[in-house]
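Inside the fold
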Amino acid sequence: MNHSARILVLGAGAVGLPLAARLSRAADVVAVTREPHARIISRDGLVLSGAWGEETCRFRCVSEVSKESDFDYILITSKSQDTEAICRQYQDLIGDHETVSFQNGIGNEETISRFSDRVIGGVVMSGFVREGAREIRVTANAGPMQLGRFPEGLDDGPQNLASILTRAGVPTETTDHIRGKLWSKNLINCSLNPLSAITGVTYGKLREPDSWHIIDQMVREIFAVVRAEGISLPWGDPDVYLGYLYGALIPVMAGHSSSMLQDILHGRKTEIDYMNGAVVAAGERLGIPTPCNACMSDLIRFRESVAARQG
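Report on the accompanying structure. (Residues numbered from 1 in each chain as written. Predicted model: local features only at pLDDT ≥ 70, side-chain atom pairs only at ≥ 80, totals over all residues. Heavy atoms only, no water.)

Here we come to the sheet that holds strand β3 (residues 46-50). The four strands lie next to each other as β4-β3-β10-β9, forming an open sheet whose pairing is mixed. Strands at the two margins of the open sheet, each flanked by one partner only, are β4 (55-57) and β9 (126-130). Each neighbouring strand pair of the sheet contributes to a mean axis angle of 30°, computed without reference to strand direction. Strand direction decides the pairing type here: β3 and strand β10 (residues 135-141), joined by four bridges, are parallel. Pairing of valine 47 across the sheet is with glutamate 135, part of β10. (Pairing = 2+ DSSP bridges. Helix = DSSP H or I, 4+ residues; strand = E, 2+ residues; numbered from the N terminus. Axes fitted to C-alpha atoms, helices over the stretch in contact; angles between N-to-C directions.)

In C-alpha coordinates:
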(Lines give C-alpha, C1' and ligand atoms only; values in the text may rest on other atoms or scores of the structure.)
Protein backbone atom coordinates (compact mmCIF):
# COMPACT_ATOMS: atom_id res chain seq x y z
CA MET A 1 0.00 0.00 0.00
CA ASN A 2 1.50 3.31 -1.08
CA HIS A 3 -1.17 5.42 0.58
CA SER A 4 -2.00 5.73 4.26
CA ALA A 5 -4.22 2.73 4.94
CA ARG A 6 -7.85 3.49 5.76
CA ILE A 7 -9.20 1.25 8.53
CA LEU A 8 -12.74 0.97 9.87
CA VAL A 9 -13.26 -0.52 13.35
CA LEU A 10 -16.80 -1.82 13.91
CA GLY A 11 -18.22 -2.69 17.32
CA ALA A 12 -15.46 -0.69 18.98
CA GLY A 13 -15.48 -1.22 22.73
CA ALA A 14 -12.89 -2.42 25.23
CA VAL A 15 -10.90 -4.13 22.45
CA GLY A 16 -11.69 -2.05 19.38
CA LEU A 17 -11.10 1.39 20.89
CA PRO A 18 -7.51 0.79 22.05
CA LEU A 19 -6.76 -0.92 18.73
CA ALA A 20 -8.15 2.10 16.87
CA ALA A 21 -6.13 4.41 19.11
CA ARG A 22 -2.86 2.64 18.38
CA LEU A 23 -3.63 2.17 14.67
CA SER A 24 -4.22 5.91 14.33
CA ARG A 25 -0.43 6.30 14.69
CA ALA A 26 0.10 4.58 11.33
CA ALA A 27 -3.23 4.72 9.47
CA ASP A 28 -6.37 6.76 8.84
CA VAL A 29 -8.81 5.22 11.34
CA VAL A 30 -12.54 5.50 11.90
CA ALA A 31 -14.03 3.70 14.93
CA VAL A 32 -17.74 3.03 15.26
CA THR A 33 -19.07 2.88 18.81
CA ARG A 34 -22.20 3.84 20.72
CA GLU A 35 -23.26 7.37 21.56
CA PRO A 36 -22.48 9.26 23.75
CA HIS A 37 -19.09 7.53 23.89
CA ALA A 38 -18.38 8.35 20.23
CA ARG A 39 -18.96 12.06 20.79
CA ILE A 40 -16.93 12.17 24.02
CA ILE A 41 -13.94 10.30 22.54
CA SER A 42 -13.94 12.37 19.35
CA ARG A 43 -13.94 15.55 21.45
CA ASP A 44 -11.61 14.61 24.32
CA GLY A 45 -9.65 11.57 23.13
CA LEU A 46 -9.29 8.06 24.54
CA VAL A 47 -7.25 7.62 27.72
CA LEU A 48 -5.12 4.44 27.73
CA SER A 49 -3.36 3.13 30.80
CA GLY A 50 -1.66 -0.07 31.94
CA ALA A 51 0.46 -2.49 29.96
CA TRP A 52 0.43 -0.40 26.74
CA GLY A 53 1.57 2.74 28.56
CA GLU A 54 -0.15 5.95 29.59
CA GLU A 55 -1.42 8.27 26.88
CA THR A 56 -4.40 10.16 25.52
CA CYS A 57 -5.13 9.21 21.90
CA ARG A 58 -7.16 11.21 19.41
CA PHE A 59 -8.85 9.65 16.38
CA ARG A 60 -12.15 9.81 14.58
CA CYS A 61 -14.90 8.08 16.54
CA VAL A 62 -18.51 7.98 15.28
CA SER A 63 -21.80 6.22 16.00
CA GLU A 64 -22.40 5.32 12.34
CA VAL A 65 -20.53 5.43 9.05
CA SER A 66 -21.67 5.83 5.47
CA LYS A 67 -22.09 2.56 3.64
CA GLU A 68 -20.54 4.22 0.58
CA SER A 69 -17.23 4.75 2.42
CA ASP A 70 -14.04 3.13 1.18
CA PHE A 71 -11.58 1.31 3.44
CA ASP A 72 -8.63 -1.00 3.06
CA TYR A 73 -9.56 -3.05 6.12
CA ILE A 74 -12.67 -3.50 8.23
CA LEU A 75 -12.01 -4.74 11.76
CA ILE A 76 -14.87 -6.34 13.70
CA THR A 77 -14.17 -6.14 17.44
CA SER A 78 -17.61 -6.68 18.95
CA LYS A 79 -18.83 -9.41 21.26
CA SER A 80 -19.32 -12.66 19.35
CA GLN A 81 -23.10 -12.61 19.76
CA ASP A 82 -23.21 -9.31 17.84
CA THR A 83 -21.17 -10.44 14.83
CA GLU A 84 -24.06 -11.40 12.56
CA ALA A 85 -26.01 -8.19 13.28
CA ILE A 86 -22.95 -6.08 12.46
CA CYS A 87 -22.34 -8.03 9.27
CA ARG A 88 -25.94 -7.54 8.18
CA GLN A 89 -25.87 -3.82 8.99
CA TYR A 90 -22.64 -3.26 7.04
CA GLN A 91 -22.89 -6.05 4.49
CA ASP A 92 -22.40 -3.68 1.53
CA LEU A 93 -19.06 -2.57 2.97
CA ILE A 94 -17.97 -5.97 4.23
CA GLY A 95 -18.64 -7.65 0.91
CA ASP A 96 -16.10 -5.41 -0.83
CA HIS A 97 -13.30 -5.19 1.74
CA GLU A 98 -10.78 -7.21 3.68
CA THR A 99 -12.64 -8.01 6.90
CA VAL A 100 -10.81 -8.98 10.07
CA SER A 101 -12.21 -10.59 13.22
CA PHE A 102 -10.46 -9.44 16.38
CA GLN A 103 -12.87 -11.28 18.70
CA ASN A 104 -13.01 -13.98 21.32
CA GLY A 105 -14.32 -17.45 20.73
CA ILE A 106 -14.95 -19.82 17.85
CA GLY A 107 -17.35 -19.15 14.96
CA ASN A 108 -16.94 -15.46 14.20
CA GLU A 109 -14.89 -15.99 11.05
CA GLU A 110 -17.43 -18.53 9.81
CA THR A 111 -20.20 -15.95 10.29
CA ILE A 112 -18.24 -13.22 8.49
CA SER A 113 -17.51 -15.67 5.66
CA ARG A 114 -21.22 -15.69 4.81
CA PHE A 115 -20.87 -12.01 3.90
CA SER A 116 -17.33 -11.85 2.48
CA ASP A 117 -14.80 -14.09 0.76
CA ARG A 118 -11.92 -11.95 2.06
CA VAL A 119 -11.84 -12.89 5.73
CA ILE A 120 -8.81 -12.57 7.99
CA GLY A 121 -8.69 -14.23 11.40
CA GLY A 122 -7.11 -12.28 14.24
CA VAL A 123 -6.01 -13.20 17.74
CA VAL A 124 -5.58 -10.61 20.50
CA MET A 125 -3.38 -11.62 23.42
CA SER A 126 -3.95 -8.54 25.62
CA GLY A 127 -6.53 -7.95 28.34
CA PHE A 128 -8.64 -4.79 28.45
CA VAL A 129 -10.97 -3.26 31.03
CA ARG A 130 -13.19 -0.29 30.27
CA GLU A 131 -13.21 2.14 33.18
CA GLY A 132 -15.37 4.96 31.83
CA ALA A 133 -16.70 6.59 28.68
CA ARG A 134 -13.16 7.36 27.47
CA GLU A 135 -10.84 5.32 29.72
CA ILE A 136 -9.48 1.83 29.02
CA ARG A 137 -6.87 0.00 31.05
CA VAL A 138 -4.72 -2.67 29.41
CA THR A 139 -4.46 -5.25 32.18
CA ALA A 140 -2.13 -7.75 30.51
CA ASN A 141 -0.06 -8.29 27.39
CA ALA A 142 0.64 -11.99 26.89
CA GLY A 143 2.22 -11.90 23.46
CA PRO A 144 2.03 -10.54 19.89
CA MET A 145 -1.21 -10.52 17.94
CA GLN A 146 -1.70 -13.14 15.22
CA LEU A 147 -3.17 -12.68 11.74
CA GLY A 148 -3.84 -15.12 8.92
CA ARG A 149 -6.15 -15.75 6.01
CA PHE A 150 -9.22 -17.71 7.13
CA PRO A 151 -9.65 -20.66 7.05
CA GLU A 152 -5.99 -21.12 6.07
CA GLY A 153 -3.16 -19.62 4.10
CA LEU A 154 -1.21 -16.38 4.04
CA ASP A 155 -1.11 -13.53 1.52
CA ASP A 156 -0.69 -9.77 1.27
CA GLY A 157 -3.92 -9.01 3.16
CA PRO A 158 -2.89 -10.19 6.63
CA GLN A 159 0.78 -9.44 6.00
CA ASN A 160 0.17 -5.76 5.19
CA LEU A 161 -2.13 -5.32 8.19
CA ALA A 162 0.45 -6.96 10.46
CA SER A 163 3.03 -4.44 9.23
CA ILE A 164 0.66 -1.54 9.95
CA LEU A 165 -0.10 -2.82 13.45
CA THR A 166 3.57 -3.34 14.24
CA ARG A 167 4.43 0.18 13.04
CA ALA A 168 1.62 1.46 15.25
CA GLY A 169 3.19 -0.13 18.32
CA VAL A 170 1.16 -3.37 18.43
CA PRO A 171 3.57 -6.26 17.69
CA THR A 172 1.85 -8.65 15.28
CA GLU A 173 2.85 -11.94 13.66
CA THR A 174 1.33 -13.78 10.71
CA THR A 175 0.49 -17.45 10.29
CA ASP A 176 -0.77 -19.74 7.54
CA HIS A 177 -2.71 -21.75 10.14
CA ILE A 178 -4.95 -19.20 11.81
CA ARG A 179 -7.49 -21.81 12.94
CA GLY A 180 -4.85 -23.30 15.21
CA LYS A 181 -4.15 -19.86 16.70
CA LEU A 182 -7.86 -19.20 17.19
CA TRP A 183 -8.31 -22.50 18.99
CA SER A 184 -5.17 -21.82 21.05
CA LYS A 185 -6.68 -18.53 22.24
CA ASN A 186 -10.02 -20.23 22.85
CA LEU A 187 -8.24 -22.88 24.92
CA ILE A 188 -6.86 -20.12 27.15
CA ASN A 189 -10.26 -18.42 27.37
CA CYS A 190 -12.04 -21.66 28.21
CA SER A 191 -9.44 -22.53 30.84
CA LEU A 192 -9.68 -19.27 32.78
CA ASN A 193 -12.54 -16.97 31.83
CA PRO A 194 -15.68 -18.83 32.99
CA LEU A 195 -14.18 -20.35 36.14
CA SER A 196 -12.95 -16.90 37.19
CA ALA A 197 -16.42 -15.52 36.47
CA ILE A 198 -18.15 -18.16 38.56
CA THR A 199 -15.80 -17.87 41.53
CA GLY A 200 -15.25 -14.12 41.31
CA VAL A 201 -11.46 -14.43 41.69
CA THR A 202 -8.59 -13.17 39.58
CA TYR A 203 -6.69 -15.58 37.34
CA GLY A 204 -3.83 -15.91 39.80
CA LYS A 205 -6.11 -17.62 42.32
CA LEU A 206 -7.05 -20.34 39.85
CA ARG A 207 -3.82 -22.25 40.51
CA GLU A 208 -5.27 -23.50 43.81
CA PRO A 209 -5.60 -27.34 43.78
CA ASP A 210 -9.41 -27.57 43.68
CA SER A 211 -9.83 -25.06 40.85
CA TRP A 212 -6.83 -26.47 39.00
CA HIS A 213 -8.49 -29.90 39.00
CA ILE A 214 -11.43 -28.38 37.11
CA ILE A 215 -9.14 -26.64 34.63
CA ASP A 216 -7.27 -29.90 34.06
CA GLN A 217 -10.49 -31.71 33.08
CA MET A 218 -11.67 -28.93 30.77
CA VAL A 219 -8.31 -28.78 29.01
CA ARG A 220 -8.19 -32.53 28.34
CA GLU A 221 -11.68 -32.41 26.82
CA ILE A 222 -10.70 -29.51 24.56
CA PHE A 223 -7.55 -31.28 23.37
CA ALA A 224 -9.63 -34.31 22.42
CA VAL A 225 -12.02 -32.13 20.37
CA VAL A 226 -9.25 -30.15 18.65
CA ARG A 227 -7.34 -33.31 17.72
CA ALA A 228 -10.50 -34.80 16.22
CA GLU A 229 -10.97 -31.60 14.19
CA GLY A 230 -7.47 -32.06 12.75
CA ILE A 231 -6.22 -28.76 14.16
CA SER A 232 -2.64 -28.37 15.39
CA LEU A 233 -1.88 -26.50 18.61
CA PRO A 234 1.51 -25.16 19.77
CA TRP A 235 1.50 -27.60 22.69
CA GLY A 236 2.02 -31.27 21.93
CA ASP A 237 -0.34 -32.59 24.60
CA PRO A 238 -2.51 -31.36 27.49
CA ASP A 239 0.27 -31.74 30.06
CA VAL A 240 2.59 -29.44 28.12
CA TYR A 241 -0.16 -26.83 27.82
CA LEU A 242 -1.10 -27.09 31.50
CA GLY A 243 2.54 -26.55 32.42
CA TYR A 244 2.64 -23.43 30.23
CA LEU A 245 -0.65 -22.16 31.67
CA TYR A 246 0.44 -22.70 35.27
CA GLY A 247 4.04 -21.59 35.03
CA ALA A 248 4.07 -18.91 32.33
CA LEU A 249 0.70 -17.50 31.33
CA ILE A 250 -1.20 -17.20 34.62
CA PRO A 251 1.68 -15.39 36.35
CA VAL A 252 1.58 -12.73 33.58
CA MET A 253 -2.21 -12.38 33.95
CA ALA A 254 -2.43 -13.06 37.69
CA GLY A 255 -4.23 -9.82 38.54
CA HIS A 256 -6.57 -9.93 35.55
CA SER A 257 -10.31 -10.24 36.22
CA SER A 258 -12.55 -12.21 33.89
CA SER A 259 -14.31 -10.09 31.26
CA MET A 260 -17.11 -12.64 31.53
CA LEU A 261 -17.59 -11.69 35.18
CA GLN A 262 -17.87 -8.03 34.18
CA ASP A 263 -20.53 -8.96 31.63
CA ILE A 264 -22.52 -10.85 34.26
CA LEU A 265 -22.24 -8.07 36.85
CA HIS A 266 -23.49 -5.54 34.29
CA GLY A 267 -26.37 -7.74 33.13
CA ARG A 268 -24.85 -8.38 29.70
CA LYS A 269 -24.94 -11.68 27.83
CA THR A 270 -21.56 -13.44 27.92
CA GLU A 271 -19.67 -15.16 25.11
CA ILE A 272 -19.88 -18.60 26.73
CA ASP A 273 -21.59 -20.13 23.68
CA TYR A 274 -18.53 -19.21 21.59
CA MET A 275 -16.01 -20.49 24.15
CA ASN A 276 -16.78 -23.60 26.22
CA GLY A 277 -20.14 -23.85 24.46
CA ALA A 278 -18.32 -24.14 21.13
CA VAL A 279 -16.29 -27.01 22.58
CA VAL A 280 -19.48 -28.77 23.67
CA ALA A 281 -21.11 -28.26 20.25
CA ALA A 282 -18.03 -29.64 18.47
CA GLY A 283 -17.89 -32.56 20.88
CA GLU A 284 -21.51 -33.44 20.17
CA ARG A 285 -20.85 -33.32 16.43
CA LEU A 286 -17.74 -35.48 16.76
CA GLY A 287 -19.09 -37.89 19.36
CA ILE A 288 -16.61 -36.76 22.05
CA PRO A 289 -17.87 -36.32 25.65
CA THR A 290 -17.23 -32.86 27.14
CA PRO A 291 -19.03 -32.99 30.52
CA CYS A 292 -16.80 -30.46 32.33
CA ASN A 293 -17.10 -27.86 29.58
CA ALA A 294 -20.85 -28.50 29.42
CA CYS A 295 -21.20 -27.98 33.16
CA MET A 296 -19.16 -24.78 33.00
CA SER A 297 -21.36 -23.51 30.17
CA ASP A 298 -24.54 -24.31 32.12
CA LEU A 299 -23.24 -22.56 35.24
CA ILE A 300 -22.44 -19.37 33.30
CA ARG A 301 -25.86 -19.40 31.64
CA PHE A 302 -27.42 -19.83 35.08
CA ARG A 303 -25.48 -16.83 36.39
CA GLU A 304 -26.63 -14.84 33.35
CA SER A 305 -30.27 -15.67 34.00
CA VAL A 306 -30.02 -14.81 37.71
CA ALA A 307 -28.35 -11.48 36.92
CA ALA A 308 -31.00 -10.71 34.30
CA ARG A 309 -33.83 -11.34 36.76
CA GLN A 310 -32.16 -9.23 39.44
CA GLY A 311 -31.47 -6.43 37.01
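Another aspect to go through is the side chain of asparagine 193. Secondary-structure assignment places asparagine 193 in helix α7 (residues 178-199). A distance of 2.3 Å separates polar atoms of two side chains, one belonging to asparagine 193 and the other to serine 258. Apart from the residues within four sequence positions on either side, asparagine 193 is in contact with Tyr203, Ser258, Ser259, Met260 and Met275. (Polar contact = N/O pair within 3.5 Å; in protein donor to acceptor, adjacent residues only side chain to side chain. Contact = heavy atoms within 4.5 Å.)

So, on to the nonpolar core. Counting 63 residues, the largest nonpolar core has Leu8, Trp183 and Ile215 as the members making the most contacts within it. At nine residues, α7 tops the list of elements feeding residues into this core. Dropping the residues within four chain positions of it, leucine 8 is found in contact with Val30, Val32, Val65, Phe71, Tyr73, Ile74, Leu75 and Leu93. (Core = buried A, V, L, I, M, F, W, Y, C linked by side-chain atoms within 4.5 Å. Buried < 20%, exposed > 50% of the residue type's maximum accessible area, 1.4 Å probe, protein only.)

So, on to the pattern of salt bridges. One side chain can pair with another of opposite charge once the charged atoms of both are near each other. Scanning the model with the defined rule gives 19 salt bridges in all. Residues arginine 6 and aspartate 28 are paired through a salt bridge, measuring 3.3 Å at the closest nitrogen-oxygen approach. Taken as a pair, arginine 6 in strand β1 (residues 6-10) and aspartate 28 in strand β2 (residues 28-32) lie far apart in primary sequence, 22 residues in all. For aspartate 28, a relative accessible area of 36% corresponds to the partly exposed category. Salt bridges linked by common partners bring Lys79, Asp263, Arg268 and Glu271 together as one network. (Salt bridge = Lys/Arg side-chain N within 4 Å of Asp/Glu carboxyl O.)

Here strand β8 (residues 119-123) lies mainly inside the structure; five of its five residues are buried. Residues Val119, Gly121 and Val123 line one face of β8 and the alternating positions Ile120 and Gly122 line the opposite face, and both faces are buried. Handedness of the crossover joining strand β7 (residues 98-102) and β8 through helix α5 (residues 108-113): right-handed. Bridge count between β8 and strand β11 (residues 145-149): four bridges; the pairing is antiparallel. (Right-handed = clockwise from strand over helix to strand, strands pointing away.)

Relative to β10, β9 runs antiparallel, the two being bridged by five bridges. Its bridge partner being in β10, phenylalanine 128 is matched across the sheet by valine 138. Connecting the antiparallel pair β9 and β10 is a turn made up of four residues.

Let us look at unusual backbone geometry. Residue proline 36 is bonded to the preceding glutamate 35 through a cis peptide linkage, with omega at 0°. Within the fold, proline 36 resides in the loop between β2 and α2 (37-44).

This is a description of form; function is not addressed.
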